[in-house]
Every structure is written in structure tokens, then in C-alpha cells.
Amino acid sequence: MIDQIRVELFKLRKRKITWIMIIVLAAFFCLIFFAVYGITANPPARMPHEGLEIMRNLITFPDAFKMIFSTAQNIGAILLTIIVASSVGNEYGWGTIRQTLIRKGIRYQYVVSKLVAFVVYALIGIVIAFIIGFCLALLTTQWVKGALNWDFITVSYIGELFTMYGWTFYGLFVYILLAILLSLVGRSAIVGIGGTLGYYFVESIAISIFSQSGGWLSEIPNYLIGHNITAILPTTMMQGPFASSGALPSTLYASIVLAIYCVVFLGLSLYLFKRRDVTA
Amino acid sequence: MTTNNDVVVRTEHLTKHYGKLVAVDDLNLEVHRGEVFGFLGPNGSGKSTTMCMMLGLIAPTSGNIEIFGLSVKSNLADILGKVGAVMESPGFYPYLSGWDNLKVFARISRNVTDNRMKDVLKLVDLADRAQDKFSGYSQGMKQRLAIACALLHDPEFIIFDEPTSGLDPAGMKEIRELLIRLGQEGKTIFLNSHLLHEVELVCDHVAIIKKGKMIASGAPNDLIKHGDTLQIRVTDTDKAVALLNEEDWVSSITREGDLLILKAPAKRATDISALLAQNGVFISEMKAREDSLESFFLELTEEETVD
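Residues numbered from 1 in each chain as written. Chains lettered and ligands numbered in written order. Predicted model: local features only at pLDDT ≥ 70, side-chain atom pairs only at ≥ 80, totals over all residues. Heavy atoms only, no water.

**Quick look at the overall build of chain B**
On a plain count of helices and strands, chain B comes out with 11 helices and 14 strands. Overall size of chain B, expressed as C-alpha extent along the three principal axes, is 75 × 45 × 40 Å. In chain B, the proportion of contacts linking residues at least 24 apart, taken out of those at least 6 apart, comes to 68%. When the accessible surface of chain B is totalled, it reaches about 14000 Å², and 46% of it is carbon and sulfur. Between the averaged position of the 33 positive side-chain charges in chain B and that of its 45 negative side-chain charges there is a distance of 6 Å. (Helix = DSSP H or I, 4+ residues; strand = E, 2+ residues; numbered from the N terminus. Contact = heavy atoms within 4.5 Å. Areas by Shrake-Rupley, 256 points an atom, 1.4 Å probe, with all protein chains shown as cover. Lys, Arg positive; Asp, Glu negative; His and termini not counted. Charge placed at Lys NZ, Arg CZ, Asp CG, Glu CD.)

**Re the sheet that holds strand β1 (residues 7–18) of chain B**
Residue and element names in this part refer to chain B. Ordered in space as β2-β1-β4-β5, the four strands form an open sheet in which the pairing is antiparallel. The open sheet is flanked by β2 (21–32) and β5 (70–71), the only strands paired with a single partner. Relative to β2, β1 runs antiparallel, the two being bridged by eight bridges. Its bridge partner being in β2, V9 is matched across the sheet by V31. (Pairing = 2+ DSSP bridges.)

**Quick notes on the confidence of the model for chain B**
Residue and element names in this part refer to chain B. In this model, chain B carries an average pLDDT of 84, and 93% of its residues clear a pLDDT of 70 or more. Below a pLDDT of 50 lies the segment residues 303–307, which in the model reaches 19 contacts outside its immediate sequence neighbourhood of four places, other chains included. With pTM at 0.82, the complex prediction returns an ipTM value of 0.84. (pLDDT = per-residue confidence, 0-100.)

**Let's talk about the packing of helix α6 (residues 107–145) of chain A against helix α10 (residues 251–275) of chain A**
All names here are of chain A. Orientation of α6 relative to α10, taken along the N-to-C sense of each, is 140°, at an axis distance of 9 Å. Overall, the two elements α6 and α10 adopt an arrangement that is oblique. Seen from above, α6 lies across α10 with right-handed handedness. Here α6 contributes R107, Y108, Y110, V111, V112 and L115 to the contact with α10, which in turn contributes L266, L270, F273 and K274. Along the lines of polarity and charge, the residues of the contact of α6 with α10 split into eight nonpolar, no polar and two charged. (Axes fitted to C-alpha atoms, helices over the stretch in contact; angles between N-to-C directions. Parallel < 35°, antiparallel > 145°, perpendicular 65-115°, else oblique. Left-handed = near helix turned anticlockwise from the far one by under 90°. Nonpolar A, V, L, I, M, F, W, Y, C, P; charged D, E, K, R; others polar.)

**Some points on unusual backbone geometry**
Geometrically, the link from F61 of chain A to P62 of chain A is a cis peptide bond, its omega value of 10° lying close to zero. Of note, P62 of chain A is situated in the loop between α3 (49–58) and α4 (63–94). Backbone geometry places H13 of chain B, a non-glycine residue, at a positive phi of 50°. Mapped onto the elements of the fold, H13 of chain B is located in strand β1.

**Comments concerning the pattern of salt bridges**
The final tally for this structure, using the stated rule, is 21 salt bridges over all chains. K11 of chain A serves as the salt-bridge partner of E8 of chain A, at 3.1 Å between the closest nitrogen and oxygen. One end of the pair, E8 of chain A, and the other, K11 of chain A, are both in helix α1 (residues 2–14), three residues apart, so they sit about a helical turn from each other. Overall, the relative accessible area of 3% leaves E8 of chain A in the buried class. Between R10 of chain B and E30 of chain B there is a salt bridge whose closest N-O contact spans 3.0 Å. Of this pair, R10 of chain B sits in strand β1 while E30 of chain B sits in strand β2, placing them 20 residues apart in sequence. Using a relative accessible area of 18% as the deciding quantity, one classes R10 of chain B as buried. The partly exposed category is assigned to E30 of chain B, whose relative accessible area is 31%. When salt bridges that share partners are traced, they join E8, K11, E91 and K114 of chain A into one network. (Salt bridge = Lys/Arg side-chain N within 4 Å of Asp/Glu carboxyl O. Buried < 20%, exposed > 50% of the residue type's maximum accessible area, 1.4 Å probe, protein only.)

**Here we look at the pairing of strand β13 (residues 259–263) of chain B**
Of all five residues that make up β13 of chain B, four are buried, and the element is covered over most of its length. Once strand β12 (residues 252–256) of chain B ends, the chain turns through two residues before running back antiparallel as β13 of chain B, passing G257 of chain B with a positive phi of about 65°.

**A closer look at the sheet that holds strand β10 (residues 213–218) of chain B**
Residues and elements named next belong to chain B. On the basis of which strands lie adjacent, the open sheet formed by six strands has the order β6-β7-β8-β3-β9-β10 and mixed pairing. Every other strand in the sheet has two partners, leaving β6 (83–86) and β10 as the edge strands with one partner each. Between one strand and the next, the sheet's axes are offset by a mean angle of 15°, whatever the strand orientation. Pairing geometry for strand β3 (residues 36–40) and strand β9 (residues 205–210), over four bridges, is parallel. Bridge pairing in β9 places G38 opposite V206.

**Things to note about the nonpolar core**
Ranked by internal contacts, the top residues of the largest apolar core, which has 111 residues, are F29 and I180 of chain A together with L55, I67, F157, I159 and F190 of chain B. Judged by nonpolar contacts, the second largest core, of 53 residues, contains L40, V86, Y95 and C203 of chain B. (Core = buried A, V, L, I, M, F, W, Y, C linked by side-chain atoms within 4.5 Å.)

**Examining the pairing of strand β11 (residues 229–234) of chain B**
Residues and elements named next belong to chain B. Most of β11 is tucked away, with five of its six residues classed as buried. As paired elements, β11 and β13 share five bridges and run antiparallel to each other. Each bridged residue has a counterpart across the sheet, and for R233 the counterpart in β13 is L259. Bridge count between β11 and strand β14 (residues 283–289): six bridges; the pairing is antiparallel. Within β14, the residue paired with L230 across the bridge is A288.

**Examining a nonpolar patch on the surface**
Residues and elements named next belong to chain A. Residues L148, W150, I153, I158 and F162 make up a contiguous nonpolar surface patch of about 450 Å² in total accessible area. Of note, L148 is situated in the loop between α6 and α7 (155–186). Judged by relative accessible area, L148 falls into the partly exposed class, the value being 32%. (Patch = residues over 30% accessible without salt bridge, like charges linked within 9 Å, V, L, I, M, F, W, Y side chains within 5 Å.)

**Points about the interface of chain A and chain B**
Across the contact, 25 residues belong to chain A and 31 residues belong to chain B. In total, chain A and chain B occlude about 2500 Å² of area from one another, counting both sides; carbon and sulfur atoms represent 61% of this. Of all residues in chain A, Q99, I102 and R103 of chain A bury the most surface against chain B, accounting for 29% of the area lost on that side. In this structure, the connection of chain A to chain B is made through two salt bridges. Put simply, K14 of chain A and D100 of chain B hold a salt bridge, and the shortest N to O gap is 3.2 Å. In this assembly, chain A and chain B are joined by 13 residue pairs in polar contact (both at pLDDT 80 or more). For the side of chain A that touches chain B, the secondary-structure elements that each account for two or more residues are α1, α4 and α5 (96–101) of chain A. Element by element, the count of residues in the side of chain A that touches chain B is highest for α1 of chain A, at six residues. For the side of chain A that touches chain B, the residue count by class is seven nonpolar, seven polar and 11 charged. (Buried area = accessible area lost by both parts, 1.4 Å probe. Polar contact = N/O pair within 3.5 Å; in protein donor to acceptor, adjacent residues only side chain to side chain.)

Printed below as a string of C-alpha cells:
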């Protein structure tokens with residue numbers, strides 16, 4: 001099992017798309033930080049002072065950390081979906097799934113080793129996002145506030161940073177499992193990428209529509225992935241353009257709903273992969 | 001007499017249905033240790049499905065497969081440790097080099113060292129191109145890498161699905177020699193090839209399936225003998241046909257121009273000669289027509305395209 005996980009990590013490391021996604025992640029971070037800084041440096045005439053203050057906080061320490069983790073989750077979900085689905089789906093297209101299974105034969109190991117490799121990749125990805133965001137926030141804090149003040153760094157705050165890291169990963173984990181499931185169901189990367197990203201975007205539209213309706217319809221978002229991930233995101237505690245407009249469930253409730261999704265996605269993936277013939 | 005230890009593969013009433021389509025129908029076969037076993041059949045006859053079932057990629061609808069005396073259903077991981085397979089379309093990562101591809105599969109196999117990887121690359125003549133990306137390989141190189149990959153863990157039983165696909169004549173000869181060498185080393189080989197001449201040259205035993213059912217099985221020479229054919233040229237073909245049709249050991253007579261093609265045991269040549277001469281028909285030419293596995297196969301499968 002350990003050997004198979006090492007092999008999966010080796011394959012990820014050797015793929016160009018892995019590195020391209022990290023470059024795209026860095027580019028997104030630069031775009032977001034510099035765009036927000038641009039707005040705060042030259043605010044629109046009608047922008048209220050309060051709104052301007054919230055935007056400044058987003059790109060300056062200490063709130064910049066929340067911004068970093070939330071951006072890592074939002075952009076990371078899309079980029080990870082592409083990597084995960086292409087990694088799983090292309091094994092069918094290349095015929096490598098057959099080549100692997102005729103060596104080991106234990107199918108659950110194949111799915112689990114891939115999952116572990118993606119988890120490691122996601123954890124490293126969040127660290128990379130943190131480093132990129134931290135460097136950018138150093139610059140923007142300097143530009144906005146003129147000086148850096150580290151007084152807020154305490155032992156409990158560092159603990160809080162680890163908590164934010166954990167929640168960010170949890171949000172990504174659900175999408176990793178969804179992308180694996182859909183790629184296995186469709187036996188292709190296209191189905192995995194299209195299905196997961198399609199769900200991601202359609203769900204966000206559905207959440208805004210349902211949130212604005214009345215009665216039982218307004219309760220539906222409480223059972224959807226995106227709404228519950230929003231509930232655990234660090235920026236939820238903030239206001240401004242990155243905060244959710246609707247009422248969000250509690251962190252505990254959101255964690256449980258997401259855990260149910262994780263169990264269902266993983267269980268279905270293992271079940272389907274074990275049961276189905278591999279003819280690709 | 002064969003013992004259970006001699007049997008490497010045994011299928012019993014092996015059946016696979018895809019909805020109403022019966023891909024493999026009550027297939028019973030045995031492959032013995034050290035045998036080079038040819039598995040033939042037209043397109044869609046169930047050969048690949050059978051091979052995939054042996055490797056645990058496809059679950060049978062009913063029936064059993066035992067490899068090395070162990071059930072594929074319950075002992076797949078143990079079985080695969082002793083089995084290698086070269087599938088028709090080699091499955092490798094296009095973005096990795098040949099070496100890295102081998103490394104990937106070596107790491108998930110048991111006890112494969114870097115030296116062993118070098119050895120198998122040398123064996124298939126790919127050592128010089130090992131660092132090139134797989135996506136840049138020719139079809140023949142891809143096939144050779146697949147063979148190297150199948151041999152990595154020194155398997156006792158090797159399944160080859162069209163191993164010479166995409167190879168030039170020299171490459172085909174090399175693979176043929178490799179198959180013979182592996183057979184001589186005591187490996188058991190299960191070979192699916194549409195090149196019947198190749199099968200005839202290397203296989204000790206052949207099974208032919210059609211629509212999922214076994215229709216013939218035996219040593220190539222024995223199978224070919226079923227169709228002993230004699231070719232004769234006579235002074236009076238009509239009279240010769242009438243005379244020979246009276247004999248029950250002549251199973252068929254066909255005309256090819258002024259030649260008569262008889263399906264009859266070759267040992268009856270003197271009887272034919274005597275019979276015709278006694279009746280005033282004289283033979284100007286008689287020879288045994290070289291039957292081949294190919295003609296036997298085509299006869300059995302009604303000249304369907306061979307895959």
C-alpha cells in the first residue's frame with residue numbers, strides 16, 4: 001500500500017499539469033491581492049468608507065490570513081478538481097488502470113492510494129498557497145499600512161492558523177472525493193472535470209436562488225456542499241465581498257453534513273470500482 | 001498423464017454475459033505447465049474477455065477459473081504475483097520515460113530491483129531508449145516495453161495478447177524467438193495472436209473459440225491432420241470423381257481447374273493410385289497439399305476475419 005501511494009505521488013510529481021496548477025494558483029493570488037489593493041489605492045468615488053476599510057483589512061495582516069485560506073479553498077477546489085479528475089480519468093484512456101490492476105488486483109488499494117496522494121498534494125498545495133499569500137500580504141500590508149506589526153502573533157493565534165488550515169483542507173477534501181467518484185463513474189477525465197466543476201458552479205447559482213426564496217426552499221442550501229463549505233471558511237467570520245450573503249449553518253452542522261458527503265462519495269467510489277469490469 | 005500440479009490454468013464452465021450477449025459460453029480449458037498455448041478465434045469470439053477474466057479485470061457471470069490451483073475470485077493478489085500479461089494496447093503513462101514507466105510498475109510489483117529493470121530493457125532491446133518519453137515511442141517500441149513490463153517480476157505464467165501487433169517482420173521474428181525461449185525456460189505462455197503461422201510455429205497446443213465456445217483444441221500438428229489433403233491430376237477427371245466418390249474414406253472432392261483436391265488420409269495414396277489405374281484412369285501428378293493451421297482455422301470459423 002505504501003509503495004502504491006509513493007507511486008501515485010511520483011506520478012503526480014512527474015505530471016506537467018501539477019506544476020501548471022501551482023503556477024495558476026500563484027497567478028490567481030497575485031491577481032486577487034493586486035486587484036483588491038488597486039481598488040483600495042484608487043477607490044471608486046461612491047465607495048463607502050466602511051467598505052473600503054473592509055477591503056483594506058482583507059489584504060493586510062492579520063485578516064489577510066483568512067483571505068489567504070479562503071482563496072486557497074475557492075481556487076484550490078477548481079484546480080484540484082482538474083488534477084484529480086484528469087489523474088483518475090486518464091488512467092482509463094491510457095489503459096494504465098488495466099496495467100496496474102493486473103499487478104496488484106486489490107482494487108480498494110488503488111482508490112485509497114490515489115486518495116492519499118491527492119490529500120498529500122492538497123495539504124502541500126495549501127502550504128504553497130499560504131507562502132504565496134503571505135509574501136503578497138507582506139507587500140500589500142506594507143503598502144497600505146506603511147509598516148508591519150506582528151503584535152497579533154500569539155500562541156493561540158498560531159493555533160487559529162492551524163485550525164483555518166484544517167477547515168480549508170476539509171472543504172477541498174469533499175471536492176477531491178466528488179472528482180474521484182465522477183471520474184470513476186464516467187471512466188474519463190472529461191466526466192470527472194465537467195461533472196465536478198459543473199456541480200460547483202450550478203450549485204452556487206442554486207444556493208443564491210434558494211437562499212432568496214421563502215419556506216422550505218430556503219432550507220435546501222443547508223444540505224448542499226458549497227453552502228456548508230462556506231460555513232467553515234475563515235472569511236465567513238469577516239464581512240465584505242468574500243463573505244456569504246445568506247444565513248449559514250453552524251460549523252458543527254456544516255462539518256457533519258460534509259462528513260456525510262465524504263462517506264457517501266468514498267463508499268460509492270470503492271463499491272463501484274470493486275464491482276465493475278475494467279475493460280479500458 | 002497430467003497431475004493437478006501440471007495444470008497452470010483451468011477454466012470450468014466459464015461464462016460471461018453482457019445483457020443478452022453471450023461473450024464466453026461454458027468454456028472449459030486447461031493450460032499445462034511449460035506449455036505455449038495458442039488461443040485463437042475470430043473478432044468478438046470472446047478471447048480478450050477470457051483473458052481479462054483470468055486476470056481479474058472482468059468478473060465471470062458463472063463458472064470458475066483456477067490459476068496455479070488457486071481460484072481467481074478469492075486469491076487474485078497471490079496469483080497475479082506469478083502472472084505477467086502483455087495486453088494488445090500497451091497501457092503506459094505518455095508523459096513518463098520508458099524507464100519511469102517501468103519504475104512505476106516495478107514499485108507495485110514484488111521484489112523488482114533496478115538491475116532487473118535494466119535486464120528486461122536489454123532483453124527487449126530498449127536499453128538505449130529507456131530515457132525517452134513513452135509518447136515518442138513507435139508502436140513496436142511500445143509493444144516491447146509492454147513485454148519488458150510483463151517480465152519484470154519474472155512471472156511463471158505469461159499472457160500475450162497480440163504481442164507482435166505493430167512490429168515489423170524483424171521485430172516479429174525477435175518476439176517469436178523470445179516466446180520460444182521463454183517456453184524453453186519452462187515458462188507457461190498463453191498466446192493470442194491473429195498471425196496463425198506464428199502460432200503454428202511456437203505453440204504446443206492450440207484452442208479455437210467461436211462465439212464464446214471452444215470448437216477445437218489440440219496440438220497444431222494433430223489439428224492440421226484432421227484435414228489431410230491430396231492434390232491429383234488425372235487423365236479423366238469425371239471418371240476419377242465418380243470412382244473416388246464410392247470410397248467412404250474420401251470425405252470430399254473439389255475441382256480446381258484440371259486438379260482434383262481430395263480430403264482423404266495421406267496413407268490412402270496407394271489405394272487411390274491402384275483404384276484409378278484398375279479402372280483405366282491414370283495419375284500424372286499426385287502430392288499431399290500442405291495444410292496449415294490457417295486453412296484449418298478458416299475452415300472452422302467459416303472464413304471470418306481473424307483477430
